[in-house]
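Structure at a glance
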Amino acid sequence: MGLKSRIALAAFFGWLLVSIPAPAHHAFPAEFDVDKPVTLTGVVSRLDWVNPHVYVHLDVKEPAGKVAVWSLESWPTGILHKSGISKEMIKEGTPLTILAYRAKDGTNLAYIRKFTWSDGHAIETWFGGREPGQPPQ
Amino acid sequence: MGSGSFDGKLIWPIAVLVVASCLTPRPVAAQKAHTEVADASPSHGPSAVPTPRSIDGHPDFTGLWWAYRGVNLDVEQVGNTRVNLQPTSRAPVSEDPENNLSVNTRIYDSVAARRANPDKPSYKPEVASKVARLDRLEAKLDPAMHCQLPGIVRSGPPQQIVQGPGVVVFLYDSPDASYDAFRVIPTDGHPHRTAEQTNGLTPSYMGDSIGHWEGDTLIVDTVDFNGQVWLGIDGWFTSTKLHVTERLRREGETLHYQATVEDPEVLTKPWVMPERTLHLNHTDSRIEQEEPPCMEMDTAHVVTPEHH
């Protein structure tokens, strides 16, 4: 079994077993569309290190030179910390590439799956649920 | 994200085996993480440790009983990428997964399975439509989703207890760090307070609690709730007549916790929740007490009614 399959399967069964209970805040599909991934490269313009979700605000230069501001949502501070991401690592001014899933309402809001820093190292914080392309559960 | 559940204990070993096989061979980092978790787990057999007593002769509940430190993540390193995986066990280090019977914190693999759990409050027929409406609009209306305290019994047992003569303090640390809460519970005969005595701070989400001893069992009686407390995620609202009775008993390094919910305004009968057993956590010295603030910013973007 390939790594990707193993991760996907482990994520699914992990999700089945673990499923953070009621305090996990809103259900992902009420707000985001896992079939609408977006990869954004920019500079952190503001970090909201708050709960129940951390928000990374990213200034992304568009081809025409205009700057689009994206609000990128992630896990609670404690889970991000456990995932190897400190407040310092995503502070204002940090260049980042972020893979995220877009909000259903079409605003510049998305839920982060993967952070990649300019030195090439990356951290993925995706804890199961439906993978892109899979049917709804 | 995701809601999971299971009915029946047989799924546990099967699912654990499946997860284990999915991740085999595991990188050293993941193996190490598991070893640490295993080392941190208490022995769940009968406790040979005597129950400690406070200077007034009552059992001493002081200790850290449930440190839900978010989740214990599994980690794989793939080239330059650290991949954090959903953990293979949700149970906090000091609670038996098999004993995690509370409908609010039990593990489910679907919303339907959770709803099928018979452990739930029984609502009067005349408020059934209100429960259904709140359930449907949970993502927008659930107080706990908007940085409000979850109230009792949704907060579960306290994660840490500090006890002195005539007083017990329950401390709470939420899994998603959206709240830190405490309850100071007199056990010296003080009655419930009036709103005048609390300077208008009651009624409230956590209510007003007093305790007394029946033998070695601590009974905590809580009233004066604000009518904004939900008992669970499925629209289980309450009135200001909510009355919660908690029973705590310590045997060595095991804490038995049971809660009964009464709300004659909206429930047909008391909701007697199953007892949970918690184990003393020797790993941590205290719960977290000052976490980043809770700021709800999602509700405006919720467009469809799915909820956990």
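Quick note: structure is the one above.
Residues numbered from 1 in each chain as written. Chains lettered and ligands numbered in written order. Predicted model: local features only at pLDDT ≥ 70, side-chain atom pairs only at ≥ 80, totals over all residues. Heavy atoms only, no water.

Another point: the overall build of chain B. Within chain B one finds five helices and twelve strands. Considering chain B as a whole, with its 308 residues, one finds that 52% of them fall into the buried category. About 13500 Å² of surface is accessible on chain B, with carbon and sulfur atoms providing 58% of the total. (Helix = DSSP H or I, 4+ residues; strand = E, 2+ residues; numbered from the N terminus. Buried < 20%, exposed > 50% of the residue type's maximum accessible area, 1.4 Å probe, protein only. Areas by Shrake-Rupley, 256 points an atom, 1.4 Å probe, with all protein chains shown as cover.)

Residues Asn51 of chain A and Pro52 of chain A are joined by a peptide bond in cis, for which omega reads 0°. Looking at where Pro52 of chain A falls in the secondary structure, it is placed in the loop between strand 1 (32–48) and strand 2 (55–61). Omega for the bond connecting Thr202 of chain B with Pro203 of chain B falls within 30 degrees of zero, at 5°, which places this linkage in the cis form. By secondary structure assignment, the location of Pro203 of chain B is in the loop between strand 6 (180–186) and strand 7 (208–214). Here the phi dihedral of Asn199 of chain B falls at roughly 60°; this positive angle occurs in a residue that is not glycine. Relative to the helices and strands, Asn199 of chain B resides in the loop between strand 6 and strand 7. The class of Asn199 of chain B is exposed, set by a relative accessible area of 69%.

What follows is about the pairing of strand 5 (residues 109–117) of chain A. Residue and element names in this part refer to chain A. Burial analysis of strand 5 places seven of its nine residues in the buried class, which makes it a mostly covered element. Sheet analysis places strand 3 (residues 67–73) next to strand 5, joined by three bridges and oriented parallel. By the bridge assignment for strand 5, Ser71 is matched with Leu109. Bridge analysis of strand 4 (residues 95–103) against strand 5 gives seven bridges, and the strand direction is antiparallel. From the neighbouring strand, Leu96 faces strand 5, where its bridge partner is Trp117. Here strand 4 folds back onto strand 5, and the loop between the two strands holds five residues, one of which, Gly106, carries a positive phi near 80°. Both strand 5 and strand 6 (residues 122–125) contribute to a ladder of three bridges, which runs antiparallel. Note on strand 6: the bridge partner recorded for Thr116 is Ala122. The antiparallel hairpin formed by strand 5 and strand 6 contains four residues in its connecting segment, where Gly120 sits at a positive phi of about 100°. (Pairing = 2+ DSSP bridges.)

For the rest of this paragraph, the subject is the nonpolar core. All names here are of chain B. Counting 39 residues, the largest nonpolar core has Tyr123, Val153, Phe170 and Leu248 as the members making the most contacts within it. No other element matches strand 10 (residues 254–262), which puts four residues into this core. Beyond its immediate stretch of four places on either side in the chain, Val153 contacts Leu231, Val244, Ala259, Val261, Trp271 and Met273. (Core = buried A, V, L, I, M, F, W, Y, C linked by side-chain atoms within 4.5 Å. Contact = heavy atoms within 4.5 Å.)

All names here are of chain B. For the structure on display, the rule yields eleven salt bridges over all chains. A salt bridge links Asp208 to Arg193; its shortest N-O distance comes to 2.7 Å. With Asp208 in strand 7 and Arg193 in the loop between strand 6 and strand 7, this pair connects stretches of sequence that are 15 residues apart. Looking at Asp208, the relative accessible area reads 3%, which means it is buried. Classification of Arg193 as partly exposed rests on a relative accessible area of 42%. Between Glu251 and Arg249 there is a salt bridge; the shortest N-O distance is 3.5 Å. (Salt bridge = Lys/Arg side-chain N within 4 Å of Asp/Glu carboxyl O.)

Strands belonging to one sheet form pairs held by backbone hydrogen bonds; the direction of such a pair is parallel or antiparallel. Residues and elements named next belong to chain B. Strands sit in the order 1-4-5-6 across an open sheet of four strands; the sheet is antiparallel. Pairing within the sheet leaves two strands with one partner each, and these edge strands are strand 1 (63–64) and strand 6. For strand 4 (residues 160–164) and strand 5 (residues 167–173), the ladder comprises five bridges, and the chain directions are antiparallel. Looking at strand 5, one finds that Val162 is bridged to Val169.

Overall, the coordinates contain eleven aromatic pairs over all chains when judged by the stated rule. With a centroid separation of 6.4 Å and 85° between ring planes, the pair formed by Phe28 of chain A and Tyr101 of chain A is classed as edge-to-face. A residue pair is termed long-range when its members are at least 10 positions apart, and Phe28 of chain A in the loop between helix 1 (3–18) and strand 1 and Tyr101 of chain A in strand 4 qualify at 73 residues. Phe28 of chain A gets classed as buried once you look at its relative accessible area, which sits at 9%. With a relative accessible area of 2%, Tyr101 of chain A lands in the buried category. Ring centres of Phe28 of chain A and Trp126 of chain A lie 5.4 Å apart, and the angle between their planes is 75°; on these two criteria the pair is classed as edge-to-face. Within this pair, whereas Phe28 of chain A is found in the loop between helix 1 and strand 1, its partner Trp126 of chain A is found in the segment after strand 6, the two being separated by 98 residues in sequence. The rings of Phe28, Phe32, Trp75, Tyr101, Tyr111 and Trp126 of chain A are connected pair by pair, giving a single aromatic cluster. Cation over ring: Lys130 of chain B sits above Phe237 of chain B, and NZ or CZ is 4.2 Å from the ring centre. (Phe/Tyr/Trp six-rings, centres within 6.5 Å; stacked < 30°, edge-to-face > 60°. Lys NZ or Arg CZ within 6 Å of the ring centre and 35° of its normal.)

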